[in-house]
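# Observations on the model geometry
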Amino acid sequence: GGATYKTDNMIVAVRKDDPAESLGDAGDYMFGIQTSLDQENTQKMKDNVEESLGKEITVTEYETVQEEAQALLDGEIGAAIYNEAFTGVIEEAIEGYSDQVRILYQFGINTVIEQEEANVEEPFNIYISGIDVSGPITTNSRSDVNIIMTVNPNTHKILLTTTPRDYYVTVPGVSGSQRDKLTHAGIYGVDVSMATLENIYGIDITYYARVNFTSLVKIVDALGGVDVYSEYAFEARGHKFEAGVNHM
């Protein structure tokens, strides 16, 4: 899609029943931030909030985003600042979290991704990332599909290597010696997912392609639809599917 940058959607979250309707209404709240990850974007978001309010905010620091989220639900803080991509990580620790909070304010931070060039006369690798959100393809989120496409222009062959989303790995520049799920590397951008896979396999990955729920629909439509075989007839979301081949 020509996207040469990634977008971190930073948010201010409050409890669902909080009376604040705008950031200005929360100006005197105690804000929570987490200090273990994504510190640069967190600081940029804090600066943006203070610039929007025209004053410094009162902040309480938490070691992890999960602790920050729990503090918000417990009323220790009135608002929480974090990367929206962390929502999935929070929900893994706090069941039903998203149903208990709402986004009061958001700010997108764009970061340019460095472009590389490969010698297309020699075998090269392309990373294919499937992220778990709809909307703009630049948005960072968990990468649930992680495929390395190895292209050999001499033999005219392509090899696809897939790595499970929950493979426990170190995330370069993020987790240190600690291990985390491969899918979580996508939260920090496609470049971090690429670096993680390069580290696992000891290879160089030159190019990448990203697919989310929205672009998947566009790809299927661009192909004129796809034929899907079902062993059973069933209904889902207002659509009927017959036993056998269904054109979708």
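Going by the structure above, here's the rest.
Heads up: these notes are all about the structure in this document. (Residues numbered from 1 in each chain as written. Predicted model: local features only at pLDDT ≥ 70, side-chain atom pairs only at ≥ 80, totals over all residues. Heavy atoms only, no water.)

### What about the nonpolar core?
Of all hydrophobic cores here, the largest spans 23 residues; its most connected members are Leu72, Tyr82, Ile90 and Tyr97. If we ignore the near neighbours within four places in the chain, the residues touching Tyr82 are Asn9, Met10, Ile11, Ala13, Val65, Glu68, Thr87, Ile90 and Tyr97. The next biggest cluster of nonpolar side chains, apart from the first, holds 16 residues, and it includes Met10, Ala20, Val49 and Ile109. (Core = buried A, V, L, I, M, F, W, Y, C linked by side-chain atoms within 4.5 Å. Buried < 20%, exposed > 50% of the residue type's maximum accessible area, 1.4 Å probe, protein only. Contact = heavy atoms within 4.5 Å.)

### Some remarks on the side chain of Asn146
Looking at the element boundaries, Asn146 is found in strand S7 (residues 143-152). Sequence-distant contacts of Asn146, defined by excluding residues within four places in its chain, comprise Tyr127, Ile128, Thr161, Thr162, Thr163, Arg165, Leu182 and Leu197. (Helix = DSSP H or I, 4+ residues; strand = E, 2+ residues; numbered from the N terminus.)

### Focus: the sheet that holds strand S8 (residues 157-162)
Picture the strands of a sheet paired through backbone hydrogen bonds; they go either parallel or antiparallel. Read across the sheet, four strands follow the order S8-S7-S6-S11 without closing on themselves; strand pairing throughout is mixed. Both outer strands of the open sheet, S8 and strand S11 (207-211), are each paired with one neighbouring strand and no more. Pairwise comparison of adjacent strand axes, ignoring direction, gives a mean angle of 20° for this sheet. Here five bridges tie strand S6 (residues 124-131) to S11, and the two strands are oriented parallel to one another. Within S11, the position partnered with Tyr127 by the bridge is Tyr208. (Pairing = 2+ DSSP bridges. Axes fitted to C-alpha atoms, helices over the stretch in contact; angles between N-to-C directions.)

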